[in-house]
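Here's the letter readout for the chains.
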Amino acid sequence: MSLITLENISKQYSERLLLDRVGLQINEGDRIGLIGINGSGKSTFLRLVAGLEIPDNGSIVVRGGIQIQYLPQEPDLNDELTVLAQVFDSDSPPVRLLRDYEWASQQLQQQPDSVYWQEQLTALSDRMEHSGGWAAEANAKAILTRLGITDFAAPIATLSGGQRKRVALARALIDRADLLILDEPTNHIDAETIAWLEAYLLSQSGALLMVTHDRYFLDRVVNRIIELDRRQLVSYPGNYSQYLELSTARRETLASAEVKRQNLLRRELEWLRRGAQARSTKQKARKQRVEELQRLAYDRGDQIVSMALAGRRLGKKVLQARGLSKTFEGRLLFTGVEFYLEPGDRIGIIGPNGAGKSTLLNILAGKVAPDTGMVEWGETVHLGYYDQQSSGLDESRRVIDFIEQEAPLIRTKDGSLISAFQILEWFLFPRPQQYAYIGTLSGGERRRLYLLYRLIHQPNVLFLDEPTNDLDIQTLTVLEEFLDHFQGCLVVASHDRYFLDRTTDFLVSFEDGRVSARYPAPFETYLQLRAEQAVNAPSRAETSIAHKAENKARPRKLSWKEQQELDGLEPRIEQLEAQKAALQAEINASGSDYVRLQSLAERLHALEAELEAAEERWLELSEVID
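Just so it is clear, the model here is predicted, and its values are computed rather than measured.

Draft legend 1. Seen up close, the packing of aromatic side chains. Under the counting rule described, the total for this entry stands at 15 aromatic pairs. Between F402 and Y453 the ring centres are 5.1 Å apart and the planes differ by 50°, which places this aromatic pair in the tilted class. Linking F402 in helix α12 (residues 399-406) with Y453 in helix α15 (residues 443-455), this pair joins segments that are 51 residues apart in sequence. With relative accessibility at 2%, the residue F402 sits in the buried group. Taking the relative accessible area as the measure of exposure, Y453 reaches 10% and is therefore buried. Seen from their ring centres, F421 and Y435 are 6.3 Å apart, and the 45° between their planes marks the pair as tilted.

Draft legend 2. Up close: empty space enclosed by the protein. The final tally for this structure, using the stated rule, is two cavities of 30 Å³ or more. Estimates place the volume of the largest cavity at around 80 Å³. Residue lining of the largest cavity: N139, A142, I143, R146, W196, A199, Y200, A606, A609, E610 and A613, and that is the complete set. If you list the elements that add at least two residues to the lining of the largest cavity, you get α5 (133-146), α7 (191-203) and α21 (594-625). Residues of the lining of the largest cavity, tallied by class, amount to eight nonpolar, one polar and two charged. If you count residues domain by domain, the lining of the largest cavity takes at least three from each of domain 1 (2-94 + 140-243) and domain 4 (560-623). One number sums up the size of the second largest cavity: a volume of about 30 Å³.

Draft legend 3. Molecular detail of a negative patch on the surface. On the surface, D126, E129, D567, E570, E574, E577, E615 and E616 cluster together to form a negatively charged patch. Put simply, the parts of the chain that give the negative patch at least two residues each are α4 (115-131), α20 (560-588) and α21. With four residues, α20 is the single largest residue contributor to the negative patch. Assignment of secondary structure puts E616 in helix α21.

Draft legend 4. A look at unusual backbone geometry. Following A521, the chain continues to P522 via a peptide bond in cis, the omega torsion being 10°. Turning to its location among the elements, P522 is positioned in the loop between β21 (519-520) and α18 (523-534). Phi at E184 is positive, roughly 55°, even though this residue is not glycine. Structurally, E184 can be placed in the loop between β6 (179-183) and α7. A positive phi angle, near 55°, is found at Q458, a position not held by glycine. Of note, Q458 is situated in the loop between α15 and β17 (461-465).

Draft legend 5. How the structure looks around the nonpolar core. Counting residues in hydrophobic clusters, the biggest one holds 54 residues, and the most contacted among them are L173 and L201. Here this core takes seven residues from helix α6 (residues 161-174), the largest share from any one element. The residues touching L173, leaving out its near neighbours within four places in the chain, are I143, L180, W196, L197, Y200 and L201. Counting 42 residues, the second-largest nonpolar core is a separate cluster that includes A191, I410, V492 and Y526.

Draft legend 6. Representation of the sheet that holds strand β8 (residues 224-229) within the structure. Ordered in space as β5-β6-β7-β3-β8-β9, the six strands form an open sheet in which the pairing is mixed. Unpaired on one side and paired on the other, β5 (68-71) and β9 (232-237) mark the two borders of the sheet. When strand polarity is set aside, the average angle formed by the axes of neighbouring strands in this sheet is 15°. By the bridge criterion, four bridges tie β5 to β6 in an arrangement that is parallel. Bridging from a neighbouring strand, Q69 pairs with L180 of β6.

Procedures and definitions
- Residues numbered from 1 in each chain as written.
- Predicted model: local features only at pLDDT ≥ 70, side-chain atom pairs only at ≥ 80, totals over all residues.
- Heavy atoms only, no water.
- Phe/Tyr/Trp six-rings, centres within 6.5 Å; stacked < 30°, edge-to-face > 60°.
- Helix = DSSP H or I, 4+ residues; strand = E, 2+ residues; numbered from the N terminus.
- Buried < 20%, exposed > 50% of the residue type's maximum accessible area, 1.4 Å probe, protein only.
- 1 Å grid on protein atoms, 1.4 Å probe; cavity = no way out; pocket = protein on both sides within 12 Å on 5 of 7 lines; lining within 4 Å.
- Points joined across faces, edges and corners; volume = space filled by probe spheres on them.
- Nonpolar A, V, L, I, M, F, W, Y, C, P; charged D, E, K, R; others polar.
- Domains from an automatic or database assignment.
- Patch = residues over 30% accessible without salt bridge, like charges linked within 9 Å, V, L, I, M, F, W, Y side chains within 5 Å.
- Areas by Shrake-Rupley, 256 points an atom, 1.4 Å probe, with all protein chains shown as cover.
- Salt bridge = Lys/Arg side-chain N within 4 Å of Asp/Glu carboxyl O.
- Lys, Arg positive; Asp, Glu negative; His and termini not counted.
- Charge placed at Lys NZ, Arg CZ, Asp CG, Glu CD.
- Core = buried A, V, L, I, M, F, W, Y, C linked by side-chain atoms within 4.5 Å.
- Contact = heavy atoms within 4.5 Å.
- Pairing = 2+ DSSP bridges.
- Axes fitted to C-alpha atoms, helices over the stretch in contact; angles between N-to-C directions.

Quick look at the structure:
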């Protein structure tokens, strides 16, 4: 059944037409991945579907009574709220009950003798009991914890950009919707959390529309790909792998049609040049046909980024870094870090957010001084550092002026020289857009320009810090092909498993203030090796519990609110265990029905993740009692 229908939608900003009479129907059960180059209008399209923008032409019909949740790339949060209050900032009845309960609980903590708040909390507790609110509250906290947010009372104003995005994602997931719209949901979350999010979304029954650069994520979550290509929407059934096959066939067909058009046009023009009588009706008809053929704008599928740039020779000595340590705002990020590069090394750095990956790259690049240790570079090294801040871009300048100042002529890999105008066209900046100010470009277009800015200086060592966060899939694909032939050293800090698998030979893990030994890529091999090493080693949870026990200053009791949460967790865990047993029984009874088995396995994965989070929270609260 249809949830939303868009017909003949057009949208234009200034002189730029983004959507030209497009249509789309979103049905129940659809899990749609929207892809397209940066600046093509993907985020604008999401806002149109979410009802936050109005089309210039066309109609959008929304089925009555459906609930839509929208996660933008830059969420607008209330700095005056706490994390939990922000998550519960919704008008839906279940979330509103949780918000009212949390507010009453806070007021009672501040005014413990208030009869009014005691009565309010008692009444709200009864409603929570009868509506399953305790389980909903535990689920909300479990989702926040899974997304790396553990301080539920932290003010929103104190959070980093990545933390704010994760809080907004938690709010979108907690408040169940008929249609969930996500704009780059995998930005700012690590690989383990992305895997959890995949399972969680697959366990939900609502429809999904999202923009993401993560191709493994698209492959595992979506059942339909929509490509926004030159103001038009092209729909492909299936996941990302199926899209690659179908889109390749489509572009071959379009290319063939363009060849036929050119041949027909050439024949018609030749016929006209022979000087047939212009007064004849047949001659006039053929003239009109030629004019129509010349006007037709055929899609040959050739709008792709080109990166045929020259490189530099790299000597034997590249990089030696020893004994690095860094403290930031009183918190030790890492200590005793050793890092080296030899010619041809291609290293991926992984680890949780906030572990210090970007800080380490900044220290190696000489942008930040370490507290201790030393960094030595080889004499032939020319470093290109693609950082997250797009350092060096002057938003007050025009695109063409900025690139011409950096390199009026750029050498390609075949030795020829090309102008700044040409290289910008290679990077999908047409001549009119080259005169635009950098500050008017979309976020993705700025990142594409920044990539060009770093590559035109012909580096032989490349640092890429989260390169997939804002680059479109087409640009990433060409970047991967460029890196296939790149002869220098490569260091990539990323959570994108697909990009790491395509571009690196070894992975190092950055966590707990240390850099691990090198593990061979791909990412799945790294996970297997780490799992084998962990078999005979104490778990992080055990280590953390022991550390907390050693450093516990004095015993404390559960607050009334924590006791209520604990009481709600026990029946919730029993309920989840019963659901798990039932799912396992269904799996055992499914025989050779592989489609059903896959669906059940996905639901079981998500259920086990929720059960594990609930058990961890139960253990944490139980330890206080003990």
